[in-house]
Amino acid sequence: MWALLPLKDFVQAKQRLSGSLTVSERRGLFHAMVEDVLTVMSVHPDFERVVLVSDDPAAQLLAEHYRVECWSERSFAVRGLSAVVTAALAKIQSIAVGEQNTVMVVHGDLPLLCNSELDTVIRQHQQLLAAGNSGLSIVTDRHQRGSNILVCDPARPLNLAYGADSCALHREEARRIGIPAQVLQLPGIGQDIDTREDLLRLLALPRTGVATHTLTFLHDTGIAQRLNTMNTEANVDALIAHTESALSEWNTL
Ligand SMILES: Nc1nc2c(ncn2[C@@H]2O[C@H](COP(=O)(O)OP(=O)(O)OP(=O)(O)O)[C@@H](O)[C@H]2O)c(=O)[nH]1
Ligand SMILES: O=C(O)[C@H](O)COP(=O)(O)O
């Protein structure tokens, strides 16, 4: 099996965290999350090739450090996640002509990715393939809307639709081209980091040896403490607002 990790320019990553983190903090956070993903992917025995797709020099350095490949995104001359992944899947198909290829497309913002969940995804995908020789597995997010991981067959290309409700759209697309599809839910892979709430959830988890780079980054930079304080202040504000409105209701009785 191949693994494909599309990585945006690191300074552009995690825009949805702009309200909580500075540009350099977002960049550092994304770098740490990619390290957590690569720590697991780069040594997993079921991946014959792990390929990053990115033009960011930091991705090139990470590829060297973790001994994986890095393909230039510019060389594909397309823009946007779906188009970049489509082009990279076509390249894999053209390299490994005539082989039964399976590709796992993994996102960089999954610091809780771990070996046991990867094993589960691979095993479940193999079971799906037992009924035929092609199929699509989607590991969705905790809201059951995104496609945090796709396991697909580059010989049966899909019209990829990353973005809002991509899980349902990818499932529908598999139906359209006539291949079986399954949606999997796993707690670690399902917990991608898009929002401040996602960061707070990550920080609230007991430390169990996963997400090590990300948690170390968040604690060493003081971001963890800042976010937790902001959260407590927001809770206090919400409590005061709630009490005031309850009191005014009571006064009008
Ligand atoms: N190579 C490449 N990777 C991309 C592109 N867009 C998104 N990605 C990657 O795809 C994965 C999911 O990205 P998104 O959730 O769309 O974007 P994000 O940067 O994580 O978050 P936002 O900026 O808040 O939307 C991450 O690993 C991104 O780095 C792109 O245009 N090119
Ligand atoms: O379709 C998707 O899953 C998104 O484009 C990428 O995932 P995220 O925005 O939930 O990180």
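Above this text is the structure in question.
Treat the numbers as computed from the prediction; the structure is a model and nothing was measured.

1. Things to note about the pattern of salt bridges
- Here the structure, examined in full by the defined rule, presents 11 salt bridges.
- Between Arg142 and Asp198 there is a salt bridge, with the nearest N and O atoms lying 2.8 Å from each other. Of the two residues, Arg142 sits in the loop between strand 5 (136-139) and strand 6 (149-152) while Asp198 sits in helix 6 (residues 196-204), which places them 56 residues apart along the sequence.
- Judged by its relative accessible area of 26%, Arg142 is partly exposed.
- On the basis of relative accessible area, Asp198 is assigned to the buried category, the value being 3%.
- Here Arg176 and Glu173 are joined by a salt bridge, their closest N and O atoms 2.7 Å apart. With Arg176 and Glu173 both in helix 5 (residues 166-177) and 3 residues apart, the pair spans about one turn of that helix.
- Given a relative accessible area of 9%, Glu173 falls into the buried group.
- A single salt-bridge network, built from bridges that share partners, covers Lys14, Arg16, Asp109 and Asp194.

2. Section: the sheet that holds strand 7 (residues 181-184)
- Taken in spatial order, the 7 strands line up as 3-2-1-4-6-5-7 in an open sheet, and their pairing is mixed. Looking at which strands have only one partner, the edges of the open sheet turn out to be strand 3 (69-71) and strand 7. Neighbour to neighbour, the strand axes of the sheet diverge by 20° on average, direction disregarded.
- By the bridge criterion, 4 bridges tie strand 4 (residues 103-106) to strand 6 in an arrangement that is antiparallel. Across the sheet, the residue bridging to Val106 is Ile149, located in strand 6.
- The strands touched by helix 2 (residues 57-66) are strand 2 (49-53) and strand 3; relative to strand 3, the strand with the most contacts, the crossing angle is about 155°.
- In the packing of helix 4 (residues 115-130) onto the sheet, contacts are made with strand 4, strand 5, strand 6 and strand 7, and the angle to strand 7 comes to roughly 160°.

3. Observations regarding the layout of surface pockets
- Taken as a whole, the largest pocket encloses approximately 980 Å³ of empty space.
- Lining the largest pocket are 34 residues, with Lys8, Arg16, Leu81, His107 and Asp109 positioned closest to its centre.
- In terms of residue class, the lining of the largest pocket is built from 11 nonpolar, 9 polar and 14 charged.
- Counted as a void, the second largest pocket has a volume near 150 Å³.
- Every residue lining the second largest pocket is listed: Leu112, Cys114, Glu117, Pro187, Gly188, Gln191, Arg201, Leu205, Thr208 and Val210.
- Among the residues forming the lining of the second largest pocket, the class breakdown is 5 nonpolar, 3 polar and 2 charged.

Conventions we followed
- Residues numbered from 1 in each chain as written.
- Chains lettered and ligands numbered in written order.
- Predicted model: local features only at pLDDT ≥ 70, side-chain atom pairs only at ≥ 80, totals over all residues.
- Heavy atoms only, no water.
- Salt bridge = Lys/Arg side-chain N within 4 Å of Asp/Glu carboxyl O.
- Helix = DSSP H or I, 4+ residues; strand = E, 2+ residues; numbered from the N terminus.
- Buried < 20%, exposed > 50% of the residue type's maximum accessible area, 1.4 Å probe, protein only.
- Pairing = 2+ DSSP bridges.
- Axes fitted to C-alpha atoms, helices over the stretch in contact; angles between N-to-C directions.
- Contact = heavy atoms within 4.5 Å.
- 1 Å grid on protein atoms, 1.4 Å probe; cavity = no way out; pocket = protein on both sides within 12 Å on 5 of 7 lines; lining within 4 Å.
- Points joined across faces, edges and corners; volume = space filled by probe spheres on them.
- Nonpolar A, V, L, I, M, F, W, Y, C, P; charged D, E, K, R; others polar.

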